[in-house]
Amino acid sequence: MKKNVLSLLCILYSINVFSQSINIGLLNGPSCIPCAQLNENLHKIGETEVEYEMFATPQELLPKMIKKEIDIGFMPVNVAAKVYDSTNHKIICCGITGEGNLALITKNKNIKSLKDLKGKTVFVAGLGATPEYITKYILEKEGIVLNDEKGIFLDFSLPTNQIVPELLAGKIDYAIVPEPFITIASEKSKNKINIIDLQKDYFLKYFPQNYPLTVMVVRSDFAEENPDLLKIFLEQYKSALSWTLDNPSDAGQLCEKYNFGLKKNVVEKSIPKSNYVFIPAVKGKLIIESLLQLFIEEDNTFLNGKLPEDDFYYKNE
């Protein structure tokens, strides 16, 4: 730890002045919970201002990255790969910041496994996104037929933020959602919510490790022009992540303070189950490629059927 701190101090002192600010794009919701501590404490790196801007969706964040108004952002790994591919490599991946945390939730206490859902309709958060492909992958491996009376019907018609209210109101019976929506359902339901962990109980039976859900991305030209600045920010992010995991209650208070769109009690209770990590891009390459390959197998037009090139993975070692 002392060696790392000294190294960062040396970098700071070796650079007299960073001329530009560093602009961080944060998403409302769970993916950026570890950034609340940064928002509280990290406002300068050397002489460089660190500024934060909130966005409702990756689709709102991306144009600002392309226009060089945002330097670093967070998004699902499939979105990052598509933008990399479609913009001539203008953004690259710094690392995995969140791993899978999907669960089946229902008020039906008799559901013990996915095979108990025969003939049922399950609402899934995320058409064309990771939840869809992971769900279909698991069902295929388990030999469960899709959209058939002998199997499970999948419905993607509800936005993610409407699924839990519909479940609690009794308008739907079964749903597959990520955190913190699992925690929100448990907190608000009058009856105990039955939860089946899709990672532990299913996915990890067939995959060597959990899949990446969100990644940190950076503009490729910013990374090339400011390697020292980026290195310091990554170290600060890892420290903020560690603090968040150790202090979920305080992190919840900061998320409310900075209007991250989540109540502090939900943040506090969801953090231990949200699988926040920081895996540098190069170290996470194989598992990212494994997930993207699932997307390609489901839709051969995704990334034109080709995995990202090596320069998608920022070499931050």
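Worth saying up front: this structure is predicted, and the values here are computed from it rather than measured.

What follows deals with the overall build of the protein. Summing up its helical and strand segments, the protein has 13 helices and 12 strands in all. Compactness check: the protein gives a C-alpha radius of gyration of 20 Å against a globular reference of 20 Å for 317 residues, within 12% of the reference. Taking the principal axes of its C-alpha atoms as reference, the protein extends roughly 65 × 45 × 35 Å. Looking at the 317 residues of the protein, the share that counts as buried comes to 52%.

This part covers the pairing of strand β10 (residues 194-197). Across the two faces of β10 the burial differs, with Asn194 and Ile196 buried and Ile195 and Asp197 not buried at all. Here strand β6 (residues 103-106) runs beside β10; their pairing, made up of four bridges, is antiparallel. Note that in β10 the partner of leucine 104 across the bridge is isoleucine 196.

This paragraph deals with the pairing of strand β12 (residues 276-280). The buried fraction of β12 is high, at five of five residues. Burial along β12 is two-sided: the face carrying Tyr276, Phe278 and Pro280 and the face carrying Val277 and Ile279 are both buried. By the bridge criterion, three bridges tie strand β5 (residues 91-99) to β12 in an arrangement that is antiparallel. The partner of glycine 98 across the bridge, within β12, is tyrosine 276.

Another point: the side chain of aspartate 71. Mapped onto the elements, aspartate 71 comes out in the loop between α3 (58-66) and β4 (72-76). Residue aspartate 71 is classed as buried on the basis of its relative accessible area, which comes to 3%. Within polar-contact distance, the side chain of aspartate 71 engages the backbone nitrogen of asparagine 23 at 2.8 Å. At 2.6 Å, the side chain of aspartate 71 and the side chain of arginine 219 are in polar contact. What aspartate 71 contacts, discounting residues up to four positions off in sequence, is Ser21, Ile22, Asn23, Met65, Val217, Val218, Arg219 and Phe222.

Another point: the pattern of salt bridges. What the rule picks out here adds up to 14 salt bridges. Linking glutamate 235 and lysine 238 is a salt bridge whose minimum nitrogen-to-oxygen distance equals 3.3 Å. Note that glutamate 235 and lysine 238 are positioned in helix α10 (residues 227-246) at a spacing of three residues, about one turn of the helix. By relative accessible area, which is 23% here, glutamate 235 ends up partly exposed. You can call lysine 238 partly exposed: its relative accessible area is 30%. Among the ionic pairs, lysine 285 bridges to aspartate 310, the shortest N-O distance being 2.5 Å. Within this pair, whereas lysine 285 is found in helix α13 (residues 281-298), its partner aspartate 310 is found in the segment after α13, the two being separated by 25 residues in sequence. By sharing partners, the salt bridges in this structure join Lys68, Asp71, Arg219 and Asp221 into a single network.

Rules used in this analysis
Residues numbered from 1 in each chain as written. Predicted model: local features only at pLDDT ≥ 70, side-chain atom pairs only at ≥ 80, totals over all residues. Heavy atoms only, no water. Helix = DSSP H or I, 4+ residues; strand = E, 2+ residues; numbered from the N terminus. Rg over C-alpha atoms; globule rule 2.2 N^0.38 Å. Buried < 20%, exposed > 50% of the residue type's maximum accessible area, 1.4 Å probe, protein only. Pairing = 2+ DSSP bridges. Polar contact = N/O pair within 3.5 Å; in protein donor to acceptor, adjacent residues only side chain to side chain. Contact = heavy atoms within 4.5 Å. Salt bridge = Lys/Arg side-chain N within 4 Å of Asp/Glu carboxyl O.

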